[in-house]
Amino acid sequence: LQFLYFIVPCLPILDLKMDHYEGAVSQHEEERQAMWRIITLGVIFFVAVVVRLFSVLRFEAIIHEFDPWFNYRTSDYLVEHGIYDFYNWFDVDVWYPLGRIVGGTIYPGLMVTSMIFSRVLALVNFHVETRLICVFLAPIFAGNTSLITYWFTKEIWSERAGLLAAFFIAIVPSYISRSVAGSYDNEGIAIFALVAVFATFIKCVKTGSLKWVFISVLTYYYMVNAWGGYIFIINLLPLYTLVMLFIGRYSLKLHVAYSSWYVLATLICMQIHFVGFQAVQTGEHMAAAGTFFLLQAYGFINFVRKHLDPAMFKELLSTLMIGFGTVGVAAAIIGSATGYIAPWTGRFWTLLDPTYAKIHIPIIASVSEHQPTAWSSYFFDFHMLAYLIPVGVWFCMNRPNEGTIFITVYGMSTVYFSGVMVRLMLVLAPAACVLGAIATSELLLGFIKSLTKEKDATEIKKESKKKGKAAAQLDQAASNDKINTGFQWAILVGLIWTILTYVMHSTWAASEAYSSPSIILAARGHNGERIIFDDFREAYQWLRVNTERDAKIMSWWDYGYQITGMSNRTVLVDNNTWNNTHIATVGKAMASKEDVSYQIMKKMDVEFALVIFGGMAGYSSDDINKFLWMVRIGGTLDNDIKEADYLSPGGRDYTVSQSGGAAMLDSLMYKMCYYRFGEDKIEGGPSGYDRVRNYEIGRKKFNLEYIDEAFTTEHWIVRIYRVKKEQNRKPTPPPNVPLIPSFETAPK
Amino acid sequence: MLRALLACFVATSVAAQWENKNVDRKIDATTQIVRTITSATLTNIGSSANSEVEWIIPESNLTKIAKMVAKVDKTVVALTETKRQDGNVFYKVSLNKPVSAGESVTIKMRCSVGEALRALPATIRQGESQMVDFNENAYFLSPYKTLKQSTVFKMPTAKVESFSDTPAPVTHNKDSIVFGEYRDIAPMSAAPLRVHFTNNKPYIVAPTLKRVLEVSMWGNLAVEEWYTIEHRGAKLKGSFSRLEYGKHPGAAPASFNSLHATLPAKADDIYFRDDIGNISTSRIMPVDRDTKTKEVIFQQRFPLFGGWKTRFYYGYNLALENVLHKTPEGLNRLKVPYASPMKDIIVEDMVVEIVLPEGVPAPEVKVGGKKIDDYDIEIRATYLDVTGRTVVVLKDKMIASPERNEELEVTFKFTTADLIWEPLYLITAFMCLFCSVIFLGRLVS
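Residues numbered from 1 in each chain as written. Chains lettered and ligands numbered in written order. Predicted model: local features only at pLDDT ≥ 70, side-chain atom pairs only at ≥ 80, totals over all residues. Heavy atoms only, no water.

Trainee: Break down the overall build of chain A for me, citing the residues and quoting the values.
Mentor: Secondary structure assignment for chain A yields 31 helices and 11 strands. Within chain A, residue pairs in contact and separated by at least 24 positions form 72% of the contacts whose partners lie at least 6 positions apart. (Helix = DSSP H or I, 4+ residues; strand = E, 2+ residues; numbered from the N terminus. Contact = heavy atoms within 4.5 Å.)

Trainee: So, the overall build of chain B: which residues are in play, and what are the values?
Mentor: When helices and strands are tallied, chain B shows 3 helices and 32 strands. With respect to the three principal axes, the spread of C-alpha positions in chain B is 105 × 75 × 40 Å. Going through the 445 residues of chain B one by one, you find that 46% of them count as buried. Considering only intrachain contacts with a sequence separation of at least 6, the fraction spanning at least 24 residues in chain B is 75%. If you sum the accessible surface of chain B, you get close to 22,100 Å²; carbon and sulfur atoms cover 56% of it. In chain B, 55 side chains carry a positive charge and 51 a negative one; their mean positions are 3 Å apart. (Buried < 20%, exposed > 50% of the residue type's maximum accessible area, 1.4 Å probe, protein only. Areas by Shrake-Rupley, 256 points an atom, 1.4 Å probe, with all protein chains shown as cover. Lys, Arg positive; Asp, Glu negative; His and termini not counted. Charge placed at Lys NZ, Arg CZ, Asp CG, Glu CD.)

Trainee: So what's going on with the packing of aromatic side chains? Residues and values would help.
Mentor: Under the defined criterion, the tally for this structure stands at 73 aromatic pairs over all chains. Ring geometry for Phe86 of chain A versus Tyr87 of chain A: centroids 6.2 Å apart, planes at 55°, classification tilted. On the basis of relative accessibility, which here comes to 25%, the residue Tyr87 of chain A falls in the partly exposed class. Over the ring of Tyr175 of chain A we find Arg52 of chain A, and its NZ or CZ is 4.9 Å from the ring centre. Just above the ring of Phe90 of chain B sits the side chain of Lys83 of chain B; from NZ or CZ to the centre is 4.8 Å. (Phe/Tyr/Trp six-rings, centres within 6.5 Å; stacked < 30°, edge-to-face > 60°. Lys NZ or Arg CZ within 6 Å of the ring centre and 35° of its normal.)

Trainee: Before we move on, could you go through the sheet that holds strand β22 (residues 282-288) of chain B and cite the residues and values that matter?
Mentor: All names here are of chain B. Pairing within the open sheet is antiparallel, and its 3 strands lie in the order β19-β23-β22. The open sheet is flanked by β19 (256-264) and β22, the only strands paired with a single partner. Between one strand axis and the next, the sheet turns by 20° as a mean value, whatever way the strands run. For β19 and strand β23 (residues 293-304), the ladder comprises 8 bridges, and the chain directions are antiparallel. Directly across from Phe256, in β23, lies its bridge partner Leu304. (Pairing = 2+ DSSP bridges. Axes fitted to C-alpha atoms, helices over the stretch in contact; angles between N-to-C directions.)

Trainee: If you had to explain helix α22 (residues 402-420) of chain A to someone new, which residues and values would you point to?
Mentor: Under the 1.5 Å per step criterion, the end-to-end length of α22 of chain A is 28 Å for 19 residues, consistent within 8% with the ideal 27 Å. The N-cap of α22 of chain A, judged by a side-chain oxygen 3.0 Å from the amide nitrogen of Gly403 of chain A a few residues on, is Asn401 of chain A. (Expected span 1.5 Å × (residues − 1). Polar contact = N/O pair within 3.5 Å; in protein donor to acceptor, adjacent residues only side chain to side chain.)

Trainee: Could you give me a rundown of the pattern of salt bridges, with the residues and numbers involved?
Mentor: With the rule as written, the count across this model stands at 50 salt bridges over all chains. Taking the shortest distance from any N to any O, the salt bridge between Lys395 of chain B and Asp376 of chain B comes out at 3.9 Å. Taken together, the positions of Lys395 of chain B in strand β31 (residues 389-401) and Asp376 of chain B in strand β30 (residues 376-380) put the pair 19 residues apart, joining distant regions of the chain. Look at the salt bridges and you will find they share partners, linking Glu60, Asp534 and Arg537 of chain A together with Asp274 and Arg301 of chain B into a network. (Salt bridge = Lys/Arg side-chain N within 4 Å of Asp/Glu carboxyl O.)

Trainee: If you had to explain the sheet that holds strand β15 (residues 192-198) of chain B to someone new, which residues and values would you point to?
Mentor: Residue and element names in this part refer to chain B. Strand order in the open sheet formed by 4 strands is β8-β10-β15-β12, with antiparallel pairing between adjacent strands. Looking at the sheet topology across the chains shown, the edges are occupied by β8 (118-119) and β12 (160-163). With 2 bridges joining them, β8 and strand β10 (residues 131-137) adopt antiparallel strand pairing. Following the sheet pairing, Arg118 is matched in β10 by Asp133.

Trainee: So what's going on with the interface of chain A and chain B? Which residues, and what values?
Mentor: Counting residues at the interface gives 28 residues for chain A and 24 residues for chain B. Close ionic contact of Arg544 of chain A with Asp275 of chain B constitutes a salt bridge, the shortest N to O distance being 3.7 Å. For the interface between chain A and chain B, the tally reads 15 residue pairs in polar contact (both at pLDDT 80 or more). The element that contributes the greatest number of residues to the side of chain A that touches chain B is helix α25 (residues 535-546) of chain A, accounting for 8 residues. Grouping the constituent residues of the side of chain A that touches chain B by class yields 11 nonpolar, 6 polar and 11 charged. (Nonpolar A, V, L, I, M, F, W, Y, C, P; charged D, E, K, R; others polar.)

Trainee: Tell me about the environment of Tyr383 of chain B, and please be specific about residues and values.
Mentor: Among the structural elements, Tyr383 of chain B can be located in the loop between β30 and β31. Taking the C-alpha atoms as reference points, Tyr383 of chain B and Glu422 of chain B, 39 residues apart in sequence, are found 9.3 Å from one another. Aside from chain neighbours lying at most four places away, what touches Tyr383 of chain B is Asn125, Phe126 and His127 of chain A together with Arg389 and Glu422 of chain B.

Trainee: Any chance you could break down the nonpolar core for me, citing the residues and the numbers?
Mentor: Among the nonpolar cores identified, the biggest contains 267 residues, and Trp261 of chain A together with Leu408 of chain B are the most heavily contacted of them. Looking at this core element by element, the count peaks at 15 residues for helix α10 (residues 186-207) of chain A. Setting aside residues up to four positions removed in sequence, Leu408 of chain B forms contacts with Leu213, Leu334, Lys335, Val336, Pro337, Tyr338, Val352, Ile354, Val365, Lys366, Val367 and Leu394 of chain B. Formed by 24 residues, the second largest nonpolar core is a distinct cluster that contains Trp55, Val93, Val99 and Phe140 of chain B. (Core = buried A, V, L, I, M, F, W, Y, C linked by side-chain atoms within 4.5 Å.)

Trainee: Tell me about unusual backbone geometry, residues and numbers included.
Mentor: Cis geometry marks the peptide bond from Tyr96 of chain A to Pro97 of chain A; its omega dihedral reads 0°. In the segment running from Leu120 of chain B into Pro121 of chain B, the intervening peptide bond is cis, with an omega of 0°. For Pro121 of chain B, the location among the structural elements is in the loop between β8 and β9 (123-124). Look at Trp95 of chain A: it is not a glycine, yet its phi comes out positive at around 55°. Mapping Trp95 of chain A onto the fold places it in the loop between β1 (90-91) and β2 (100-101). The class of Trp95 of chain A is buried, set by a relative accessible area of 0%. For Lys174 of chain B, which is not glycine, the phi torsion reads 50° and is therefore positive. Under the relative-accessibility criterion, Lys174 of chain B is labelled exposed at 64%.

Trainee: A description of the confidence of the model for chain A should follow, citing residues and the corresponding values.
Mentor: Residue and element names in this part refer to chain A. Summing up the model confidence of chain A, the mean pLDDT is 82 and the portion of residues at 70 or higher is 84%. Contacts from residues 19-24, a stretch scored under 50 in pLDDT, to residues over four places away or in other chains number 12 contacts. Here residues 738-748 is a poorly scored stretch, pLDDT under 50, and it has 17 contacts once near neighbours within four places are set aside; other chains count. (pLDDT = per-residue confidence, 0-100.)

Trainee: I'd like to hear about the packing of helix α15 (residues 286-307) of chain A against helix α16 (residues 310-338) of chain A, residue by residue, with values.
Mentor: Relative placement of two packed helices is described by the angle separating their axes and the distance separating the axes. Residue and element names in this part refer to chain A. Relative to each other, α15 and α16 sit at 155°, their axes nearing to 10 Å. Comparing the axis directions of α15 and α16 gives the class roughly antiparallel. In terms of crossing hand, the pair formed by α15 and α16 is right-handed. Contacts between α15 and α16 pair Phe300, Ile301, Val304 and Arg305 from the former with Phe313, Leu316, Leu317 and Leu320 from the latter. Residue composition of the contact of α15 with α16, grouped by class: 7 nonpolar, no polar and 1 charged. (Parallel < 35°, antiparallel > 145°, perpendicular 65-115°, else oblique. Left-handed = near helix turned anticlockwise from the far one by under 90°.)

Shown next as structure tokens:
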């Protein structure tokens, strides 16, 4: 693996070499440059793929985390059953007893892409498992993204900047985090589509050609198919158009490009099941429509102005504005009131007001990737690009045109959004890379130029000295340059050194931070040997082979996709958090006392309940640490669950120690996690010592009345309980079997 | 003609011709497979030489028999079923040479029976030992009179719950029980023999096994075996406690968590996976130089208790030169083990697929030296195939390991010249690609 460290830094040096070819004239030289470019791009593509393979080398070719498991499962279904069955797929294994219409509620781009890969390979009798295609899809698309970013930057700035941008995006940590091998998620292919849409749209605006509009709309179609983040595009492009309008850069080309793009794009994205009429009804799409009409009005007014005298025109304009304004506002009010224009979704509100979700929708707030970004993650995810963005913007503002204004608008808006939600850092990544590349390329070029010029100047000076004292002025300039030379060299070396550290940092981040599959955990033992905690798969495989096919499994929604994907069993809730009531019911079952939970579980036909418990192995993202969210979400169902009951009476702390709230220590979650844990004794220490929370648990001895321990994994990370069946009253059970208390006495 | 008549005569008069002089039965129930060795010395009490002996097996045992072999003086003799009567199956043992009147012959019958031990109680708790019940005829079932007979029953431990003490004498000594010796037993007599004892040996049953052997004439044999595994012993009652299980090694005596396989020493790139990926807990023991094998321990993701199941597959590569040889006629002969390499396992349904190179005509298949004609042929297209490879599919039932470590022999026709096709496809495909790129490039500029 070490070879990565050597190959990657070579790239910027290659790029630097390119710089020396500036001002090439002969065709031969041009061809040589083209050759260099192709080789460099090839190497960048290769690096983009290879840097994402750490997880495969460390662990295995496996699907990571949570959502990828759903994507993998649906892809597998698609490959096996074909596109029509896929669109009509009603999945009975999830959201029991409601089910889910999968075909109509997902963006199918990712699955279809995998299917195309699989089918094409199968065509030449090259049978590759769907799993392998899914694992390696994201790295391959990361390579594609580098290529398209090269083209995008080339259109905006220069080829040199394009190469740098391609190189930056190939290894930018924030993009690596979403596209390592096995991270089979929409974002993996969507970033490619996103940059492609932008690049082609810029081409549209520059040329005003319908051909490019058509190509751009097709890439947009792919983007909409791939990711819900297309909303960003459909808002950014109008924003860009408006900006162009207001700074007086309106042109017929812009008019043609945007108008035809909007109409075609809306029509084509309505063809996708999941979007449908949302494209003309929801608030998210309204800005684009508004801009479209505004642009038409602006064009029309411009046209009228040419044919009328100024006084008449002014009168007409004010009448029209008042008239249209009234009609527009009335339409918007009526539309929203009748529900024709759908209300804006919670996630969108969160974007505008970061505190919105915390107050209104705990489920959105409970997802870690929906949290606001910490400032340090900017440096971690972008490294040098974080401070090169403003430099890039400065260079762009010095040379304003269609492309540079676009990248500025794109960069500025995403800087805001990435601050609101962690996951939107990803959308900023291409902008950061392009702006960073522009800055780097200009800085490098500027200093190299001035350094070489200085050399020339010294030579000229020598020559002029020979000629006599004719060039006193030149002499003065040369001495000025001399003062700056050291400084210039320092900057140049510093910049190159930063690029090298960027490479080191990215490789390190890819290998250490972003390449864990999260379903297999690795730790270091006392002697430095690697210990694998494979508890998740142990439990999921146990469920897969040792329970009935139609067994219903209750767990917190985080594990829904994994259970359906790996265990092939029915779950109550999963990561597609579409029904808050259902999730709240599970939250309530987890948070209530055993007898109340039993009623809920019986009602939901639950046969097995599964919890993730890290107290034995020291795995910190377990259910006890997520439990407060279950309490909060469960509390939205009715008033039985109150957050205050789960906190310690005095200090209002969240704890499972002796000072923990009574409801906490009585809850089903506590019991499932700590059943018989109190008997476990660490060497020379107390019994029931929780290795995550680092204290002794509050209640060590208790029995389970309504559930039975069915399975616990080797390191206790997954614990599965069987919900006991109601026993017959007759004949009376043998005396050694405890009777389950009758339900009539159970509190409601 | 005369010979046929004679055979006919012999067949009808066979019942009265023999007498069991001495019968020794050794019943080995130390594993889940009950292995019985019966050595019966028969005397020809008829008036003429005879070469056929009748042997009886209860019909209920028939589906459970994993292997039955009769030997006389260490050479295998043929067994043919003649009739079924009153729940018994009659076999004819054809001796290699006739035994003249008054002479004796000793037949050694080895019989392995799977699933002959019934768990009693049928469900146990996690920490309890498993007890099994074994039922057999106390007498050697024979159409002939038996003069002297004894049975030694061997158990894994000395722990025995109960055993039938009639007909006397029955003596229990540590881990074995001796029934007999009995004298002068009438033909077809029966009396119950019952032993209820502790047996914690793993009850590994594979309801299905699929073995895929893929021959690549470039020099590799890829072996892959797909198992479903079940613990067929006493079912687990109540809950499974990880705390109890982890306390000490013998905390759950009736469970098992690993399978032991004996693989060729040259087996490379061994992998061990299931539906959801790699199983990281396997161990490869050092190579045993004498047998040229190595033991691989496939530790499962979780321990198996009674009634629990698991599924997995594993595979390895083997250099083809170890298993493929040229016959004098220029054919290729592949010689590989037929059954599963797992130790003490019963496979209920086995499918063996031998994937031969593309375009190979139907080969000759032998199992344990016996020619097999009723195999299926499938065509399967994989990497770079155009017409598809020939796949030989063999199906079998009730196979116990290591009883059936016979050799599978596949002889097929394939010449080295046939190897050239696949590289040729590749070369052609790439040439077409490059040519079209060159052509298009010229077209554009």
